[in-house]
Amino acid sequence: MRTVSGIQPTGNLHLGNYLGAIKNWVKLQEESECLFFLADLHAITVPNDPAELSDNCRNMVAALVAAGVDTKKSILFNQARVPQHAELAWMLICNTPMGWLDRMTQFKEKSGKHKQRSSLGLYGYPVLQAADVLIYQATHVPVGEDQKQHLELARDIAAKFNNDTEQEVFTLPEPYIGATAARIMSLRDGAAKMSKSDPSDLSRINMTDDDDTIAKKIKKARTDADPLPGKLEELEGRAEATNLVGIYAALDDSTPQAVLDQHAGQGFGAFKPALADLAVAKLSPIRDRYEELREDKNAIDAILRDGAERAQILAQPTVDKTYAALGLLRD
């Protein structure tokens with residue numbers, strides 16, 4: 001089992017990033033050969049500040065390591081240090097029908113009313129995503145609901161290439177859906193995902209927040225007046241309550257039903273302080289380690305260089321097979 005997964009090197013890492021992806025990466029590296037990458041080539045499909053992008057990449061490495069990603073067990077790198085990703089992406093772009101990309105919903109969402117101003121990279125980045133996993137002959141890719149379409153496209157691209165060239169160049173990856181994958185919503189709106197772009201800082205818990213700020217944000221989180229029920233189905237229609245119960249379960253390596261078993265009948269005046277205590281206990285060691293790591297840029301760059309070297313060794317055979325299958329002369 002070889003698993004490949006990437007994360008955008010954005011600033012302001014928050015609780016949703018940690019519980020929705022990073023925490024599961026830490027578990028996954030115990031049961032699979034894992035390659036984790038910072039998607040910096042994806043980041044440049046939209047305008048960005050170069051210095052900020054570099055800082056965000058290093059900060060993301062610090063956060064991943066602080067959260068438990070072990071660079072001896074897993075390969076951690078950034079795309080830009082493994083040029084084979086871009087090489088393979090071009091060859092796959094030349095074999096991917098535009099009609100397939102026209103159906104991708106994320107381009108429509110990200111381009112909005114400015115489709116004509118959007119970059120070609122933003123339109124074609126799902127093919128780079130396919131290259132990211134196909135290049136390592138990944139058997140599994142962790143996916144949430146919003147990424148299923150992209151994995152299906154990667155499988156379609158791989159199958160078409162194999163069929164067109166009459167060679168088994170690519171492995172078709174399967175989805176890996178963690179049993180405890182968490183979808184963390186805003187603390188101010190239970191119908192919206194927790195996001196760094198929300199104008200209200202009270203909507204999210206940043207991984208850099210101090211203990212008092214974490215507790216304050218949880219205690220100010222929007223809720224309703226009803227106590228917690230004893231059964232999970234009784235939370236239906238209570239988005240904010242469901243979110244806080246889900247956060248507690250994810251932090252505690254438990255289940256929402258187990259949380260209700262423990263706290264049924266409590267109002268949020270009692271539940272929020274318990275959740276705040278748990279969040280502080282779980283997040284403060286990660287924050288402290290993160291702050292320590294992010295100060296050592298040389299150590300972070302060494303991690304990325306080592307990861308890139310290991311990743312290139314695994315990537316090159318697939319690139320070579322792809323060139324050969326297309327009849328491209330390289331000798």
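Above this text you will find the structure in question.
Below is a short write-up of the structure. Because the structure is a prediction, the values reported are computed rather than measured.

### Quick look at the side chain of asparagine 56
For asparagine 56, the location among the structural elements is in helix α3 (residues 50-67). Owing to a relative accessible area of 12%, asparagine 56 belongs among the buried residues under this scheme. A polar contact of 3.5 Å, which involves the side chain of asparagine 56, links it to the backbone oxygen of proline 9. Beyond its immediate stretch of four places on either side in the chain, asparagine 56 contacts Pro9, Thr10 and Gly11.

### Here we look at the packing of helix α4 (residues 84-93) against helix α7 (residues 120-134)
At a minimum axis separation of 8 Å, α4 and α7 run at an interaxial angle of 120°. Taken together, the axes of α4 and α7 lie oblique to each other. Along this stretch, α4 crosses α7, giving a crossing that reads as right-handed. Touching His85, Leu88, Ala89, Leu92 and Ile93 of α4 are Val127, Leu128, Ala130, Ala131, Asp132 and Leu134, all from α7.

### Let's talk about the pattern of salt bridges
Two side chains of opposite charge can pair, provided their charged atoms sit close to one another. Inspection of every chain in the model, using the stated rule, returns 18 salt bridges. Salt-bridge contacts for aspartate 201 lead to arginine 204; the nearest nitrogen and oxygen are separated by 3.6 Å. Exposure remark for aspartate 201: the relative accessible area of 36% places this residue in the partly exposed category. The shortest N-O distance in the salt bridge between arginine 287 and aspartate 211 comes to 2.8 Å.

### Brief notes about unusual backbone geometry
The phi dihedral of glutamine 137 is positive, around 55°, even though this residue is not glycine. Residue position: glutamine 137 is located in the loop between α7 and β4 (140-142). Judged by its relative accessible area of 18%, glutamine 137 falls in the buried class. With a phi angle near 50°, aspartate 253 is a residue other than glycine that sits in the positive phi range. Along the chain, aspartate 253 turns up in the loop between α10 (239-251) and α11 (256-263).

### What to know about the packing of aromatic side chains
What the rule picks out here adds up to six aromatic pairs. Considering the side-chain rings of phenylalanine 268 and phenylalanine 271, the 6.2 Å spacing of their centres and the 80° angle between planes classify their relative orientation as edge-to-face. Taken together, the residues phenylalanine 268 and phenylalanine 271, both in helix α12 (residues 268-293) and three residues apart, mark about one turn of the helix. The buried category is assigned to phenylalanine 268, whose relative accessible area is 7%. Overall, the relative accessible area of 0% leaves phenylalanine 271 in the buried class. Through a chain of ring-to-ring contacts, three or more aromatic side chains come together here, namely Phe37, Phe77 and Tyr136. Looking at arginine 330, its charged tip hangs above the ring of tyrosine 323, at a distance of 3.8 Å from the centre.

About the thresholds
Residues numbered from 1 in each chain as written. Predicted model: local features only at pLDDT ≥ 70, side-chain atom pairs only at ≥ 80, totals over all residues. Heavy atoms only, no water. Helix = DSSP H or I, 4+ residues; strand = E, 2+ residues; numbered from the N terminus. Buried < 20%, exposed > 50% of the residue type's maximum accessible area, 1.4 Å probe, protein only. Polar contact = N/O pair within 3.5 Å; in protein donor to acceptor, adjacent residues only side chain to side chain. Contact = heavy atoms within 4.5 Å. Axes fitted to C-alpha atoms, helices over the stretch in contact; angles between N-to-C directions. Parallel < 35°, antiparallel > 145°, perpendicular 65-115°, else oblique. Left-handed = near helix turned anticlockwise from the far one by under 90°. Salt bridge = Lys/Arg side-chain N within 4 Å of Asp/Glu carboxyl O. Phe/Tyr/Trp six-rings, centres within 6.5 Å; stacked < 30°, edge-to-face > 60°. Lys NZ or Arg CZ within 6 Å of the ring centre and 35° of its normal.

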